[in-house]
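Notes for the structure review
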Amino acid sequence: MSRTLIIAEHDGTNLNPSTSKCAACATAFNQDFDILVMGASIDEIVKQAAAIEGASVVIALDADHLSDPLATNHASEVVAMADSYSHILGPSTTYGRDLMPRIAALLGVNQVSDISAVEDAYHFKRPIYAGNAIVDVHAPESAKLVATVRVASWKAVGDSGSAAIENRSASASASTHTRFVKLESGGGERPDLQTAASVVSGGRAMASKENFDLVYSLADLIGAGAGASRAAVDAGYCPNDMQVGQTGKIISPDLYIAFGISGAIQHITGIKDAGTIVAVNKDADAPIFEVADIGLTADLFTVIPEMKALLA
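Let me sum up the structure you'll find in this document. Everything numeric here is computed off the predicted structure, so don't read it as measured data.

Contact pair helix α3 (residues 71-80) / helix α4 (residues 94-107): the axes reach a minimum separation of 9 Å and the direction vectors enclose 50°. On the basis of the axis angle, α3 is oblique to α4. Considering only the axes of α3 and α4, their crossing is right-handed. Across the interface between the two elements, A71, T72, H74, A75, V78 and V79 of α3 pack against Y95, D98, L99, R102, I103, L106 and L107 of α4. Counted by class, the contact of α3 with α4 contains nine nonpolar, two polar and two charged residues.

This is the structure in structure tokens:
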């Protein structure tokens, strides 16, 4: 059966936009697709998933042991219904990168990672070498396809759908060898980096953890997510879940503002899909100016207060 199953990501309250971007990828297969929502007390999330355009059925698995994003619990549920699908997709977010390899392993197939474009149902493109090359991937049509979708490469589909909702019981009990401890994030109440429409980032030039408050304050003022370069994270200026780049998070905001970031290739890989890139750096020869739509050679400690004053 040529049919796709999308694994929905959510925070217990709202559906993550990555699910809608996976739907865009599934639509390119020219196949019908269903959406699987797992969790506890998920009625509102299921309604949000049903509104995704193109979805045929939203399958709801509501069970206490599925409330936390434990791959060991979620993967067994996906495998239990895998026979009905030829393709199983998840987002290339932290959740998806944890879950999808486990599903692939349990099904005994290889995983395709970071689909950025679809040629046909078994022929894809994905970036390699920090985005400097694009590789063609041909998956065997004889095997079930398990893949992650590079959400930065896809635009979310609309939200005017009306998919049928099917409530099912969980097929497996909770794992006895893995338990959820806690979910900890350094981003506070700011928008999630991978879904934020605007992101303000700081680099090594911020010089200290205390100075990074300038990035936070500007981000809060414009309702943006807060990010950082690897150098800033390694220096201890901010938590590692704020890292943007090849070894951090790949993002595609409408607006990306970089303060004191030189523009190493691993960082550029994480932002090349952004709509508009604004760079502020004292070094006029900083590589980031080569990809920036707007560049300003100036001291960030002067620019940020001036921007805040104009925006206040």
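Although it is not a glycine, D114 sits at a positive phi angle of roughly 55°. Note on placement: D114 falls in strand β5 (residues 111-115). Among the residues examined, D114 registers a relative accessible area of 24% and is labelled partly exposed. Unusually for a residue other than glycine, A207 sits at a positive phi of about 75°. Summarising the element assignment, A207 is placed in the loop between β11 (198-202) and α5 (213-222). Accessibility expressed as a relative area gives 47% for A207, which makes it partly exposed.

This part is about α3. The element α3 is largely enclosed, with a buried count of seven among its 10 residues. For α3, the complete set of buried residues consists of A71, T72, N73, H74, A75, E77 and V78. Contacts from the buried residues of α3 go to β1 (3-7), β2 (32-39), β3 (55-62), β4 (87-91) and α4.

Considering all chains together, one arrives at eight salt bridges under this definition. Here R126 ties to D114 by a salt bridge, and the two come within 3.9 Å at their closest N and O atoms. Remark: D114 occurs in strand β5 and R126 occurs in strand β7 (residues 123-128); sequence separation between them is 12 residues. When its relative accessible area of 22% is taken as the criterion, R126 is described as partly exposed. Its salt-bridge partner being R150, residue D273 comes within 2.6 Å of it at the nearest N-O pair. Here the residue D273 occupies a position in the loop between α7 (265-271) and β14 (276-281), and R150 occupies one in the loop between β9 (145-149) and β10 (164-168), the gap between them amounting to 123 residues. Exposure remark for D273: the relative accessible area of 31% places this residue in the partly exposed category.

So, on to the sheet that holds strand β12 (residues 225-228). Picture the strands of a sheet paired through backbone hydrogen bonds; they go either parallel or antiparallel. Ordered in space as β12-β11-β13-β14-β15, the five strands form an open sheet in which the pairing is parallel. Where the open sheet ends on each side, the last strands, each with one partner, are β12 and β15 (294-297). When the angles between neighbouring strand axes are averaged without regard to direction, this sheet yields 15°. Against the sheet, α5 touches β11, β12 and β13 (255-259), its axis set at about 170° to β11. Packed on one face of the sheet, helix α8 (residues 300-311) meets β13, β14 and β15 and runs near 140° to β13.

Reading guide: rules and limits
Residues numbered from 1 in each chain as written. Predicted model: local features only at pLDDT ≥ 70, side-chain atom pairs only at ≥ 80, totals over all residues. Heavy atoms only, no water. Axes fitted to C-alpha atoms, helices over the stretch in contact; angles between N-to-C directions. Helix = DSSP H or I, 4+ residues; strand = E, 2+ residues; numbered from the N terminus. Parallel < 35°, antiparallel > 145°, perpendicular 65-115°, else oblique. Left-handed = near helix turned anticlockwise from the far one by under 90°. Contact = heavy atoms within 4.5 Å. Nonpolar A, V, L, I, M, F, W, Y, C, P; charged D, E, K, R; others polar. Buried < 20%, exposed > 50% of the residue type's maximum accessible area, 1.4 Å probe, protein only. Salt bridge = Lys/Arg side-chain N within 4 Å of Asp/Glu carboxyl O. Pairing = 2+ DSSP bridges.

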